[in-house]
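For reference, the chains in residue letters:
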Amino acid sequence: MPTSAERLPDGTPVLLRALPYDHPVVQDLVERVQQEYVLRYGGRDAAVVAPSEFEPPAGVFLVAEVDGEAAGSGAWRLLPSGDVEIKRVYVAPAHRRRGLARVIRAALEDSAARAGHRRVVLNSGREQPEALALYDRLGYRAVPGYGVYACAPDAVFLGRDLGQRDGTEDEKGKPWAS
């Protein structure tokens with residue numbers, strides 16, 4: 001199981017682990033993000049996902065651990081369009097506002113680029129202003145809607161090009177997509 005050690009801006013170590021979607025830790029984090037959707041939107045995410053969508057090389061699911069605790073998660077999967085969709089980015093309340101979402105997102109984008117993908121997209125919503133602000137700061141821009149929420153009035157679809165990558169491991173050598 002691939003792992004990578006990163007650091008938050010305050011120097012706190014973060015361990016990123018690629019785990020299968022059906023792993024108990026992943027399922028706990030997915031349930032937490034679903035409950036977040038219930039609180040913010042009144043219901044669970046209706047987008048259907050299959051565990052195999054998050055298996056390399058077609059995708060990956062990362063768990064971020066801080067001080068031995070599962071503090072956050074994020075994943076990407078390949079869409080029929082050829083774009084990579086970022087899914088399930090979540091940070092536990094006790095770990096928010098520390099830069100963990102940025103660490104997770106960077107690792108997801110790096111792994112997608114190393115797997116040869118050129119663009120990432122995501123679906124969020126107006127009830128997640130902190131996420132929308134982060135993605136705006138990171139250069140994400142509006143893209144056409146897709147999937148089950150393509151016509152939902154409060155859905156927000158964003159994307160960004162990953163830039164020129166050659167598909168090899170980056171300087172830190174994190175082989176998430178290998």
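Preceding this section is the structure that the text describes.
Residues numbered from 1 in each chain as written. Predicted model: local features only at pLDDT ≥ 70, side-chain atom pairs only at ≥ 80, totals over all residues. Heavy atoms only, no water.

> Before we go on, may I ask you to explain the nonpolar core in this structure?
One broad rule of soluble globular proteins: the nonpolar side chains tend to lie buried together. Grouped together as the largest cluster of nonpolar side chains are 30 residues, with contacts concentrated most on Leu100 and Tyr140. The set of elements that each furnish at least two residues to this core consists of β2 (13-18), β3 (59-66), β4 (69-78), β5 (84-91), α2 (100-114), β6 (119-125), α3 (129-137) and β8 (155-161). Looking at this core, the element that brings in the most residues is α2, giving seven residues. Ignoring anything within four residues of it in the chain, the contact list for Leu100 reads Leu8, Val14, Ala64, Val66, Ala71, Gly72, Val91 and His95. Core analysis: the second largest hydrophobic core is formed by 15 residues, Leu19, Val26, Val30 and Val63 among them. (Core = buried A, V, L, I, M, F, W, Y, C linked by side-chain atoms within 4.5 Å. Buried < 20%, exposed > 50% of the residue type's maximum accessible area, 1.4 Å probe, protein only. Helix = DSSP H or I, 4+ residues; strand = E, 2+ residues; numbered from the N terminus. Contact = heavy atoms within 4.5 Å.)

> Explain the environment of Leu108 here, please?
Its location among the elements puts Leu108 in helix α2. For Leu108, a relative accessible area of 1% translates into the label buried. Sequence-wise, Leu108 and Val66 are 42 residues apart; in three dimensions their C-alpha atoms are separated by 17 Å. In this structure, Leu108 is in contact with Val60, Leu62, Gly74, Ala75, Trp76, Ile86 and Val89, ignoring residues within four places of it in sequence.

> Any chance you could explain the side chain of Arg77 here in plain terms?
Looking at the element boundaries, Arg77 is found in strand β4. Side-chain polar atoms of Arg77 contact the side chain of Glu53, separated by 2.9 Å. Beyond its immediate chain neighbours, meaning those up to four positions away, Arg77 contacts Val48, Val49, Glu53, Phe54, Ala58, Gly59, Asp83, Val84, Glu85 and Lys87. (Polar contact = N/O pair within 3.5 Å; in protein donor to acceptor, adjacent residues only side chain to side chain.)

> What should I look at first to understand the pattern of salt bridges in this one?
Enumeration over the complete set of coordinates arrives at 15 salt bridges. Arg17 is the salt-bridge partner of Glu65, the closest N and O atoms lying 2.8 Å from each other. Of the two residues, Glu65 sits in strand β3 while Arg17 sits in strand β2, which places them 48 residues apart along the sequence. A single burial state applies to Glu65 and to Arg17, both of which are buried. The partner of Asp28 in a salt bridge is Arg32, with the nearest N and O atoms 2.9 Å apart. Of the two residues, Asp28 and Arg32 are both situated in helix α1 (residues 24-41); the distance of four residues between them amounts to about one turn of the helix. For Asp28, a relative accessible area of 39% puts it in the partly exposed group. Taken together, the shared-partner salt bridges connect Glu36, Arg40, Arg96 and Glu130 into one network. (Salt bridge = Lys/Arg side-chain N within 4 Å of Asp/Glu carboxyl O.)

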